[in-house]
Amino acid sequence: MKIEIRYFAWVRERVGAASETLETEAATIADLIAELSALSEGHRHAFSDPEAIRAALDQTLVDMDAPIAGAHEVAFFPPMTGG
Amino acid sequence: MQRVTVQHGPFDPGAILSAFTGLADGAGAVVSFSGITRDLAAHDLVAMEIEHYPGMTEAALEDIRSRAIARFDLIDALVLHRYGRLAPGDPIMMVATAARHRAAAFKGAEFLMDYLKSRAPFWKKEITATGAAWVAAKDDDEAALTRW
């Protein structure tokens, strides 16, 4: 399936792009991270500490074991620092 | 007036609080909190850059606001947060709550702040004379959610 990936804050900076489209068979967020990590040195750096990564599926926060079937947009970013 | 606002431009916390209070029919208590851009780790802050996730930000704030209203039986609640480049001393965000009694208004405002810090997709970057660095999330911020 084709999925839109978005990156924010230092994840975006390390990947070197704000978004990209990926053709993937990944079943979960964790699977998708493993696949993305292999794409480039920047991706590997961005995802090197899984504890520091948060994910959203169609703009809702999800856990790493969340299934991604049917999703249009997956976003990866660091823990949030608003307020 | 708009109860959830995500904007780049400045805002006047006093004017917003007055308007909010004027609309809070039946309220016996209004609590507000304003956050001001300041030096966090750095002591030579030139600016703060706030990135956010358009679309998800508004949805997350609406969700947090609805939960606060339901949980504390608030008459009304307001959340405003800025993004983009802000100068030290600039108001960065505010929350306001209206309730029949003060305990609910205070608790509702604290709940809004705790959830906003860890569940709304904003990221702060400090720009100093010598470089730029992303602000790290504090363990305390995540731990604060456990009390709710």
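Scroll up to find the structure this text is about.
Residues numbered from 1 in each chain as written. Chains lettered and ligands numbered in written order. Predicted model: local features only at pLDDT ≥ 70, side-chain atom pairs only at ≥ 80, totals over all residues. Heavy atoms only, no water.

Turning next to the packing of aromatic side chains. Throughout the structure, instances matching the rule amount to 11 aromatic pairs over all chains. Judged by centre distance (5.3 Å) and plane angle (15°), the ring pair of F8 of chain A and W123 of chain B falls under stacked. You can see F8 of chain A sitting in the loop between β1 (2-7) and α1 (9-15) and its partner W123 of chain B sitting in strand β7 (residues 122-128), one on each of two chains. The class of F8 of chain A is buried, set by a relative accessible area of 5%. Here F47 of chain A and F76 of chain A contribute two aromatic rings whose centre-to-centre distance is 5.1 Å and whose plane-to-plane angle is 85°, an arrangement assigned as edge-to-face. One end of the pair, F47 of chain A, is in the loop between α3 (41-46) and β3 (54-57); the other, F76 of chain A, is in strand β5 (residues 73-77), with 29 residues separating them in the sequence. The two residues F47 of chain A and F76 of chain A agree in class, both being buried. (Phe/Tyr/Trp six-rings, centres within 6.5 Å; stacked < 30°, edge-to-face > 60°. Helix = DSSP H or I, 4+ residues; strand = E, 2+ residues; numbered from the N terminus. Buried < 20%, exposed > 50% of the residue type's maximum accessible area, 1.4 Å probe, protein only.)

Turning to the side chain of R65 of chain B, a few remarks are in order. Residues and elements named next belong to chain B. With respect to the helices, strands and loops of the structure, R65 is situated in helix α2 (residues 56-72). Judged by relative accessible area, which is 14%, R65 ranks as buried. Here R65 is in contact with R3, V4, D76, A77, L78 and L112, once residues within four sequence places are set aside. (Contact = heavy atoms within 4.5 Å.)

What follows is about the environment of E13 of chain A. Secondary-structure assignment places E13 of chain A in helix α1. Residues E13 of chain A and A46 of chain A, spaced 33 residues apart in sequence, show a C-alpha to C-alpha distance of 8.2 Å. Excluding residues that lie within four positions of it along the chain, E13 of chain A makes contacts with K125 and W134 of chain B.

Its 18 residues give helix α3 (residues 102-119) of chain B an end-to-end C-alpha distance of 25 Å, which sits within 8% of 26 Å, the value for a rise of 1.5 Å per residue. On the buried face of α3 of chain B, the contacting elements are β2 (29-36), α2, β4 (76-82), β6 (91-99) and α4 (139-143) of chain B. (Expected span 1.5 Å × (residues − 1).)

Moving on, we get to the sheet that holds β4 of chain B. All names here are of chain B. Pairing in this open sheet of 4 strands is mixed, and the strands run β1-β4-β6-β2 from one edge to the other. With one partner strand each, in any of the chains shown, β1 (4-7) and β2 form the two edges of the open sheet. Neighbour-to-neighbour, the strand axes of the sheet open up by a mean angle of 5°, direction not taken into account. Bridge count between β2 and β6: 8 bridges; the pairing is antiparallel. For F33, the partnering residue across the bridge sits in β6 and is V95. The strands that helix α1 (residues 13-23) touches are β2, β4 and β6; relative to β6, the one it contacts most, it runs at about 20°. (Pairing = 2+ DSSP bridges. Axes fitted to C-alpha atoms, helices over the stretch in contact; angles between N-to-C directions.)

Here we take up the sheet that holds β7 of chain B. In any sheet, the strands associate via hydrogen bonds between backbone groups, in a parallel or an antiparallel arrangement. Residue and element names in this part refer to chain B. Taken in spatial order, the 4 strands line up as β5-β3-β7-β8 in an open sheet, and their pairing is antiparallel. Unpaired on one side and paired on the other, β5 (84-86) and β8 (131-134) mark the two borders of the sheet. Put simply, the sheet's adjacent strands are angled 25° from each other on average, direction ignored.

Residue pairs spaced three or four apart in an α-helix point in one direction, given the helix's 3.6 residues per turn. Residues and elements named next belong to chain B. Under the 1.5 Å per step criterion, the end-to-end length of α2 is 24 Å for 17 residues, consistent within 8% with the ideal 24 Å. Listing the buried residues of α2 in full gives M56, T57, A60, L61, I64, R65, A68 and F72. Along the long axis of α2, the arc covered by the buried residues comes to 165°, so they all point the same way. Of the residues trailing α2, D73 is marked for its positive phi of about 55°. (Arc of directions from axis to C-beta.)

To continue, consider the interface of chain B and chain A. Contact residues are listed per partner, giving 24 residues for chain B and 20 residues for chain A. Of the roughly 1,800 Å² buried between chain B and chain A, counting both surfaces, carbon and sulfur atoms make up 58%. Taken as a group, Y53, M56 and W123 of chain B account for 37% of the area that chain B buries against chain A, more than any other trio of residues on that side. If you look at where chain B meets chain A, you find 2 salt bridges. With a closest N to O distance of 2.5 Å, K125 of chain B and E13 of chain A form a salt bridge. When residues of the side of chain B that touches chain A are traced back to their parent elements, those giving at least two are β3 (45-52), β6, α3 and β7 of chain B. At 5 residues, the largest contribution of residues to the side of chain B that touches chain A is made by α3 of chain B. Here the residues of the side of chain B that touches chain A sort into 15 nonpolar, 4 polar and 5 charged. (Buried area = accessible area lost by both parts, 1.4 Å probe. Salt bridge = Lys/Arg side-chain N within 4 Å of Asp/Glu carboxyl O. Nonpolar A, V, L, I, M, F, W, Y, C, P; charged D, E, K, R; others polar.)

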